[in-house]
Amino acid sequence: MTTVPTRTVAPTARGPVSTALLEILTDPEDTSASAYEALSDAAATALNASQDVLADEDLQLSLFLLYLLHYGPAEFVTADREWDPELLRVRTVLEAGFEAELRRRVPLPDPLPGDSAQLVDTMFAMTGGDAKPTLATWLARHPSEEILSEFLVHRSIYTLREADPHSWGIARLRGRAKAALVEIQSDEYGGGRPERVHATIFAQTMRGFGLDDTLDHYLDLVPAPTLASMNLMSLFGLHRRLRGAIAGHLAAFEMTSSIPNKYYGRAFRKLGYDADVTWYYDEHVEADAVHEQIAARDLAGALAQDEPELLEDVLFGAAACLYVDGLMGDHMLECWSDGRTSLRGSMPGLQTVGSEAPVAERVAL
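Residues numbered from 1 in each chain as written. Predicted model: local features only at pLDDT ≥ 70, side-chain atom pairs only at ≥ 80, totals over all residues. Heavy atoms only, no water.

**Focus on helix α10 (residues 198–208)**
Most of α10 is tucked away: nine of the eleven residues are buried. Within α10, the full set of buried residues consists of His-198, Ala-199, Ile-201, Phe-202, Ala-203, Gln-204, Thr-205, Met-206 and Gly-208. Of the residues flanking the end of α10, it is Gly-210, one or two places downstream, whose phi is positive at about 80°. (Buried < 20%, exposed > 50% of the residue type's maximum accessible area, 1.4 Å probe, protein only. Helix = DSSP H or I, 4+ residues; strand = E, 2+ residues; numbered from the N terminus.)

**Comments concerning the domain arrangement of the protein**
We note that the domain assignment places domain 1 (16–105) and domain 2 (116–338) within the protein. For domain 1 and domain 2, the distance between their C-alpha centroids amounts to 25 Å. Domain 1 puts 22 residues into the contact, and the matching count from domain 2 is 28 residues. With both sides pooled, the region where domain 1 packs onto domain 2 buries about 2100 Å², and carbon together with sulfur makes up 66% of that total. Contact with domain 2 buries area across many residues of domain 1, yet Phe-64, Tyr-71 and Arg-103 alone supply 31% of it, more than any other trio. A salt bridge links Glu-99 to Arg-241; the nearest nitrogen and oxygen atoms lie 2.6 Å apart. (Domains from an automatic or database assignment. Contact = heavy atoms within 4.5 Å. Buried area = accessible area lost by both parts, 1.4 Å probe. Salt bridge = Lys/Arg side-chain N within 4 Å of Asp/Glu carboxyl O.)

**A closer look at the side chain of Glu-99**
Inspection of the secondary structure assignment puts Glu-99 in helix α4 (residues 85–105). Judged by relative accessible area, which is 10%, Glu-99 ranks as buried. Among all residues touching Glu-99, those that are not within four sequence positions of it are Leu-235, Arg-241 and Leu-242.

**Comments concerning helix α2 (residues 33–49)**
Here α2 contains 17 residues, and its C-alpha end-to-end distance of 24 Å stays within 8% of the 24 Å for a straight helix at 1.5 Å per residue. Along α2, the residues classified as buried are Tyr-36, Leu-39, Ala-42, Ala-43, Ala-46 and Leu-47. Within α2, the buried residues cover an arc of 125° as seen down the axis, which keeps them to one side. Opposite the packed face of α2, turned more than 90 degrees from it, sit the exposed residues Ala-33, Glu-37, Thr-45 and Asn-48. Looking at the buried positions of α2, the neighbouring elements they touch are α1 (16–25), α3 (57–71) and α4. (Expected span 1.5 Å × (residues − 1). Arc of directions from axis to C-beta.)

Quick look at the structure:
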């Protein structure tokens, strides 16, 4: 039986909210009412004071940890906290601030499409530019051990759980949209072959590049934009009222995947890495070229046709995907173009941009 390595040490807090939250999550005793009150007060205060919820390290880490309770494993959590009503109340407060900021900042097409056919056309127009992203082409032109190691660290936060956030939507959809989502997810999970599960293939890429494939191993290193990308999917997937948004998010995600992955694979090959490392990216070049049609027409389009009241949320989910993932990509590209690390610090054994650490040894598979 294959076991997935899991993080056992609690991450480092990034402010008063995550400090109060981690005190609760790591407390082996019954949590006092005052501890919950302190967390609730810290969350409300931080939201009111935050200048940018999407870039707020404390708030994004706190949301990530609260969502992590539903994904697991989180070995540093000392009790069964998944349905702790006090933590759910705090999560609701943080989610409200997160969603409000997204709806304020994420632009939607104007005018909105009038029906499902127009929606599909609009989504292809929205994703056309992002299908050839600057980050992917830049990496293909300027690959280095340091930059690609950082790239994999960022991606590990979602990709070691690839497809899981979108799978929350399966039970919340019906008819053609449900069938389309299941078809896509079946491929993501290897079509019944565990060695072909995309998260498993990505773990192989990390090991082949000399990185640790333990879930959330690099959590302390990734900044708020990377956490916000994962939190966005969790927000949409865990709320039935946002089922249109999770469908739109997956559609945009698949529609902007095939071409970038071709360039990512090229970047690794330029440094001499073989199929043990590039398999993940090569697999997505082919799979996502098919998935984009299914996701756009049979998932997003069918959902908007069957439930027209969800059309705007489908568009919102797609636009939010492009916007938040764009923030993450822009952060990486800006840092690397300036010759500085895109991470929050350095870790022994991991070579980061601008560091003096030795190149991580490649791990034999």
